[in-house]
Amino acid sequence: MSTLVPPVLLSPREDAIQLHRAFKGFGCDTATIVNILAHRDATQRVSIQQEYRNMYSEELSERLSSELKLSGNIKRAVLLWMHDPAVRDATIVNEALSGKVIDLHAATEVICSRTPSQIQTLKHIYYSKFGCQVEQDIDRHTYDDHKKMMLAYVTTIRNEGLEVDQTMVENDAKALFKAGEKKLGTDEKTFIDIFSGSSRPHLVAVNSAYRSMYGNSLKKAVKKETSGYFEFALLTILRCAENPAKYFAKELCKSMKGLGTRDTTLIRIVVTRTEMDMQYIKDEYYRKYGKALADAIHSDTSGNYRTFLLDLVGS
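Residues numbered from 1 in each chain as written. Predicted model: local features only at pLDDT ≥ 70, side-chain atom pairs only at ≥ 80, totals over all residues. Heavy atoms only, no water.

Colleague: Help me understand the nonpolar core in this model?
Modeller: For soluble globular proteins, nonpolar side chains are generally found buried alongside one another. If you look at the biggest cluster of nonpolar residues, it comprises 93 residues, and the most contacted ones within it are Leu37, Leu64, Met149, Phe195, Leu252, Leu293 and Phe308. With nine residues, helix α15 (residues 228–242) is the single largest residue contributor to this core. Setting aside residues no more than four positions away along its own chain, leucine 293 makes contact with Leu252, Met256, Met278, Ile281, Lys282, Tyr285 and Val313. (Core = buried A, V, L, I, M, F, W, Y, C linked by side-chain atoms within 4.5 Å. Buried < 20%, exposed > 50% of the residue type's maximum accessible area, 1.4 Å probe, protein only. Helix = DSSP H or I, 4+ residues; strand = E, 2+ residues; numbered from the N terminus. Contact = heavy atoms within 4.5 Å.)

Colleague: Just checking my understanding: could you explain the domain arrangement of the protein chain for this structure?
Modeller: Split by domain assignment, the protein chain resolves into domain 1 (12–82), domain 2 (166–242) and domain 3 (245–313). The C-alpha centroid of domain 3 is placed 29 Å from the C-alpha centroid of domain 2. (Domains from an automatic or database assignment.)

Colleague: Looking at this structure, how should I read the packing of helix α13 (residues 200–214) against helix α14 (residues 218–225)?
Modeller: For any two helices packed against each other, one specifies the crossing angle of their axes together with the interaxial distance. Interhelical geometry of α13 versus α14 gives an angle of 85 degrees and a closest axis separation of 8 Å. As far as their axial angle goes, α14 and α13 are roughly perpendicular. The segment α13 lies against α14, with Val206, Asn207 and Tyr210 engaging Leu218, Lys219 and Ala221. Its residues placed into classes, the contact of α13 with α14 shows four nonpolar, one polar and one charged. (Axes fitted to C-alpha atoms, helices over the stretch in contact; angles between N-to-C directions. Parallel < 35°, antiparallel > 145°, perpendicular 65-115°, else oblique. Nonpolar A, V, L, I, M, F, W, Y, C, P; charged D, E, K, R; others polar.)

Colleague: Which parts of the structure should I look at to understand the environment of glutamine 133?
Modeller: With respect to the helices and strands, glutamine 133 occurs in the loop between α8 (116–130) and α9 (134–141). In this structure the C-alpha to C-alpha distance between glutamine 133 and lysine 123, which are 10 residues apart in sequence, comes to 6.9 Å. Once residues within four sequence positions are removed from consideration, glutamine 133 is found in contact with Tyr126 and Tyr127.

Structure representation (structure tokens):
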């Protein structure tokens, strides 16, 4: 459920004109840029970019990127917002795996939180936009069991239906117990095979069966038996199978916890989920932390950056 509520809508042409005016003179009128773009959905943003290209013979995203006064967190957030959701996911993963700073947390979060159809679209766009397979970049920059999990997750075909076979559920629960808590050491391959091959409803049912059969949650078993990015990948897959909104609410809280803010995480989640399930994330955030997500963001950010994120999140 999107939280985007546009103000009185102007035409894409008028938006393009107003944006061009905002770039004129010394620096740029960041407030105007924020006020327009933060209230336009994916379809509207495409139309604005087409009008801007036709009228001024340059790409709007390139103009935004070149503006000196548009910098830091606000620049990153706005540029990421200009992409449509699928291109945005591919861009985030590409930057995370082959940018100046490798960010395995970001790559793992995006890949392991997306549905099978979203991953297939990401893979197609990744190749057409960056000239290589996402599997190649995963292979280059990840290691050991984390690499095996990520490669399996982007290559295995998973069912997106709701049907669940209870016999298979119980067999997988038994296999995971045998591969982890029952033995000395861990059979990581079993975890990889089941987590990469299961539909979300199946994995939720396996978690429930695991608890019923062994008195312990699958999450606790994963934490006990695995570590590092491999653990993070498994937990992301499991938590998003159960409740994606709850997962992202927790990740948002972690991004603003303690001294300082993990702005790249905050931006990534707000921008990628605004047109997807932000209202549910807000509900889960309030339910879990007793505080509105907007209030938390307001406390941890400032200026046009704060305004932009709050406009996306909504009141």
